[in-house]
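# A closer look at the structure
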Amino acid sequence: MTLTLDLEIIGMVVLWTFLFGYIMVASIDFGAGFFHAFSLFSGTNHILANVIQRYLSPVWEVTNVFLVFFFVGVVGFFPKTAYYYGTTLLVPASFAIILLAIRGSYYAFQTYGAKEHKGYAFMYGLSGLLLPASLSIVLTISEGGFVSLVDGSPVLDYWALFTSPLTWSIVLLSIVASLYISAVFLTWYANKAKDYKAAAIMRKYALIWALPLIITAGGIIYELQFHNDVHYQRIFDLWWMFALSFLLFVVTVCLLWIRKNYGLALILLLGQFSLAFYAYGISHYPYLLYPHLTLYDSFTNQAMAISLIVAFLAGFSLLLPSLYLLLRLFLFNKDYVEGNRSS
Amino acid sequence: MENETALQFSRWLTELTLSFHIIYATLGVGVPLMIMIAQWVGIKKNDFHYTLLARRWTRGFVITVAVGVVTGTAIGLQLSLLWPNFMELAGNVIALPLFMETFAFFFEAIFLGIYLYTWDRFENPRKHLLLLVPVAIGSSFSAVFITMVNSFMNAPRGFDIANGELVNVNPLQAMVNPAMPTKVSHVVVTAFMTVAFVLAAIAAFRLLRGSDHVYHKKSLHMTLKIGLIFSIATAVIGDFSGKYLAEYQPEKLAAAEWHFETQELAPLQMYGILDGEEVKYSIKVPFALSMLAHGSPSAEVIGLDQFDEDVTPPLYIHYLFDFMVTIGMLLVLLSLIYWIGTARKWEFVHSSFFRWLIVLGGPLSILAIELGWWLAEVGRQPWILRGILRTSEAATTNQNVDLMLLLFAGLYFILGVGTIVVLARLFRNNPVEQELKDREAEKGGDEY
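The rules behind these values
- Residues numbered from 1 in each chain as written.
- Chains lettered and ligands numbered in written order.
- Predicted model: local features only at pLDDT ≥ 70, side-chain atom pairs only at ≥ 80, totals over all residues.
- Heavy atoms only, no water.
- UniProt positions renumbered as here; feature names shortened; annotations may be inferred.
- Helix = DSSP H or I, 4+ residues; strand = E, 2+ residues; numbered from the N terminus.
- Rg over C-alpha atoms; globule rule 2.2 N^0.38 Å.
- Buried < 20%, exposed > 50% of the residue type's maximum accessible area, 1.4 Å probe, protein only.
- Contact = heavy atoms within 4.5 Å.
- Areas by Shrake-Rupley, 256 points an atom, 1.4 Å probe, with all protein chains shown as cover.
- Lys, Arg positive; Asp, Glu negative; His and termini not counted.
- Charge placed at Lys NZ, Arg CZ, Asp CG, Glu CD.
- pLDDT = per-residue confidence, 0-100.
- Buried area = accessible area lost by both parts, 1.4 Å probe.
- Salt bridge = Lys/Arg side-chain N within 4 Å of Asp/Glu carboxyl O.
- Phe/Tyr/Trp six-rings, centres within 6.5 Å; stacked < 30°, edge-to-face > 60°.
- Lys NZ or Arg CZ within 6 Å of the ring centre and 35° of its normal.
- Axes fitted to C-alpha atoms, helices over the stretch in contact; angles between N-to-C directions.
- Parallel < 35°, antiparallel > 145°, perpendicular 65-115°, else oblique.
- Left-handed = near helix turned anticlockwise from the far one by under 90°.
- Nonpolar A, V, L, I, M, F, W, Y, C, P; charged D, E, K, R; others polar.
- Expected span 1.5 Å × (residues − 1).
- Bend = angle between axes of the 7 residues up to and from the residue.
- Arc of directions from axis to C-beta.

Labelled according to an unreviewed UniProt entry, chain B appears under the name Cytochrome d ubiquinol oxidase subunit I, originating from Salinibacillus kushneri. Quoted verbatim from the Sequence similarities (unreviewed entry) field of the UniProt record, the comment on chain B reads "Belongs to the cytochrome ubiquinol oxidase subunit 1 family." Checking UniProt for chain B, the heading Subcellular location (unreviewed entry) contains the comment "Cell membrane".

Chain A is annotated in an unreviewed UniProt entry as Cytochrome d ubiquinol oxidase subunit II of Salinibacillus kushneri. The heading Sequence similarities (unreviewed entry) in the UniProt record of chain A holds the text "Belongs to the cytochrome ubiquinol oxidase subunit 2 family."

As structure tokens, this is what we get:
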């Protein structure tokens, strides 16, 4: 029994890590799209266009694979989720696909294709706000209370979902977080590219979104006590992880404030979000969907679990050096970042 | 049945997504190989035209691959959204290749990003070409893994069912099922074949419309040669597929061939119409079905009489099969005539008429891909997992599928039109003559 227990946890940790990776890289992408659209309309044009061209275009497909990896992995490790989440998520997930399509086609049709179209840039920016909102719905649903079994089939109660304060606090947090993450990253990236004007604007955005971030994050925990008391209690058991996360947040903001060491600020931001994200995940354990589905009753058979983990290890050992190469060329290559090398 | 509407709309939405995605997926598998060949020939012959060919194909490829990523994400999610019961069951046995596919695509996406943005970063062009190898491997293996899942749906293996529970699951055996070898090779080879004919069609079209540049002639020559090789390979694999079907899915073969009565010395019925169980106006090729099914003119071929009606697919798949094979054969012929014609210096193969035929070959080869997938999917009905799970039992119970169908139809329309408009604008604004001139000017500038 101990072996199966281990497999379930390993599977979940792998998937959770990839989801975290997706949330980080996608937030940068979503936020940048929004800032770019905003700059088109506010007249601070072309400052961000460069960064989007140089950094986001080469990597957006890789970003997207993180998401695909996550949902394919979930169905692989926990096939029952396909039944529960697949049935209930038809509408929100379809909207998310459409929004992803807007982003993908923006890269395809605008940046590779030809001239900038304002309306398209606006849609692209808007999709960056709507995507975290629509994807975060999954987290809300997982808290339970929105899915009931009718004749044995799971049905999503839209009215309850959209009138719940919990839904809207999670939506708000997801949007604010992606703007904040993106702004901090772009501050660092623009500064590295010696584009000090862009860095100054991005630093301002990062500081603007810092306070709303903490308020919305606190708001979720506050709302959760009325919605799912079990989860709420478990979060308090892990208070030290959240406290540490908060501490890292404070230091990040201080560094931005005094305009020092943006690289360290970015690393601390990663630390802040990973602590909060894993603490949330651990406190959610063992439920995948309160109260219908746990890690254990949805898990696949042992043979499949082991082969998935072996495939993961093999694939990952191929992936890691390739990812490193990609980042070295587009993120850490001084000439490329500064724009001395073109495509 | 209450769930009838959700089922019907789920079928349509899946059909729509798959039909749309497969165009981009096929291009995604085939184009990297063509770019690789062109770039390699360019280096070998020290001929800039081929290098330019690789470069221009790459620019177009970026756009189709981006749309392919989007539609691929759609079909990936829709499998769980529309067929949750199927994914719950199949996830237990066939999740491994799905999982591996994401790695293959990961690999491809990373190196494609690097390849695209590093055209002039290397002193030695061979190093840049080397970056394309993982792209081509990644895209081909994506196709291999996904087709493994589809072959599992046709020939489920690697598990037992005891008291309604899945036991003795063996993921590797599920991957290497009897349908796998013919299906995987068919999908990969036809992707290469289709892309060769699509690119040939583009070159022929440019030659017909205003440009007589040798660049297009080189392109046409190269792609048709590749097309000939892969269309012959497709025909050979098609023969093996017939033998696979006769052995493991005889009802699919019998329905596709309108073979009603089990018999020896079975003839092959081509085209025709159906009047009850009587086939009219068809071309009968004696013994050909026995040959296709078992490789011997006297062999017995199982007919539809051996099956209950509720486990056989609809009989219209006969047309899907016939038109697919017809297009395949015509393309073999087309490229063969071109090849012999150029060797023998026939003027005919350079005439506008023949070039229009080559242009026609592009859309036809894509149509053959569509026909093939419709045949594969409709021919497996009523099963989603042959012999195990019926399609009607697998569909979602969600009542909003109709709305999603409309939404996605709109999306695919915009993406399809967008692709065509952007590709056309991209190449019209920067014709090859202009690009060659710019290149000359740049070179001149370097020397002085």
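## Quick look at the overall build of chain B
For chain B, the helix and strand inventory stands at 15 helices and eight strands. Against the globule reference of 22 Å for 448 residues, chain B gives a C-alpha radius of gyration of 24 Å, in line with a compact fold. Seen along its three principal axes, the alpha-carbon backbone of chain B occupies a region of about 80 × 45 × 40 Å. Counting across all 448 residues of chain B, residues that qualify as buried make up 57%. The long-range share in chain B, meaning contacts at least 24 apart out of those at least 6 apart in sequence, stands at 78%. Accessible surface, chain B as shown: approximately 19,400 Å² in total, 64% of it carbon and sulfur. The positive charge centre, built from 31 side chains, and the negative charge centre, built from 39, are 15 Å apart in chain B.

## A few points about the confidence of the model for chain A
Residues at a pLDDT of 70 or more form 89% of chain A, whose mean pLDDT is 85. The least confident element of chain A is helix 13 (residues 334-338) of chain A, whose mean pLDDT is 67; the most confident is helix 10 (residues 239-257) of chain A, at 91.

## Here's the deal with the interface of chain A and chain B
Of the residues lining the interface, 67 residues belong to chain A; the matching set on chain B comes to 57 residues. Taking both partners together, chain A and chain B bury about 5,600 Å²; carbon and sulfur atoms supply 78% of that area. On the chain A side of the contact with chain B, Leu90, Ile97 and Phe109 of chain A bury the most area, a combined 12% of that side's loss. Taken together, the links from chain A to chain B amount to zero salt bridges.

## Describing the packing of aromatic side chains
Summed over the entire model, instances satisfying the criterion amount to 52 aromatic pairs over all chains. Centre to centre, the rings of Tyr180 of chain A and Phe249 of chain A are 5.9 Å apart; their planes meet at 55°, and the pair counts as tilted. Here Phe249 of chain A lies in helix 10 and Tyr180 of chain A lies in helix 7 (residues 165-192), a separation of 69 residues in the sequence. Judged by relative accessible area, which is 0%, Tyr180 of chain A ranks as buried. A residue is classified by how much of its surface remains accessible, and Phe249 of chain A, at 7% relative accessible area, is buried. A centroid spacing of 6.2 Å and a plane angle of 55° characterise the contact between Phe152 of chain B and Phe159 of chain B, whose relative ring orientation is tilted. On the accessibility criterion, Phe159 of chain B (14% relative accessible area) is buried. Clustering of aromatic rings is evident, with ring pairs tying together Phe18, Phe66, Phe69, Phe77, Phe78, Phe299, Phe312 and Phe316 of chain A together with Phe99, Phe103 and Phe106 of chain B. In this structure, Arg390 of chain B packs its charged tip against the face of Trp383 of chain B, placed 4.7 Å from the ring centre.

## Points about the packing of helix 3 (residues 80-88) of chain A against helix 3 (residues 84-116) of chain B
Packing of helix 3 of chain A against helix 3 of chain B brings their axes to within 7 Å, and their N-to-C directions diverge by 160°. In terms of orientation, helix 3 of chain A lies roughly antiparallel with respect to helix 3 of chain B. Considering how the two elements wind past one another, helix 3 of chain A and helix 3 of chain B form a crossing that is right-handed. Residues Lys80, Ala82, Tyr83 and Thr87 of chain A of helix 3 of chain A pack against Pro84, Asn85, Met87 and Glu88 of chain B of helix 3 of chain B. Classifying every residue of the contact of helix 3 of chain A with helix 3 of chain B gives four nonpolar, two polar and two charged.

## Description of helix 3 of chain B
Residues and elements named next belong to chain B. Here helix 3 spans only 38 Å end to end across 33 residues, well under the 48 Å set by a 1.5 Å rise per residue. If you look at helix 3, its biggest bend is around 80°, right at Ile94, and the proline Pro97 turns up within four residues after that. Most of helix 3 sits inside the fold, with 30 of its 33 residues counted as buried.

## Thoughts on helix 10 of chain A
Residue and element names in this part refer to chain A. For helix 10, which comprises 19 residues, the first-to-last C-alpha distance of 27 Å matches the rise-based estimate of 27 Å (1.5 Å per residue) to within 8%. Within helix 10, burial applies to Met241, Ser245, Phe249, Thr252, Val253, Leu255 and Leu256. Along the axis of helix 10, the buried residues cluster in a sector spanning 155°; they form a single face. Relative to its buried face, helix 10 has exposed residues pointing more than 90 degrees away, namely Trp239, Leu247 and Trp257.

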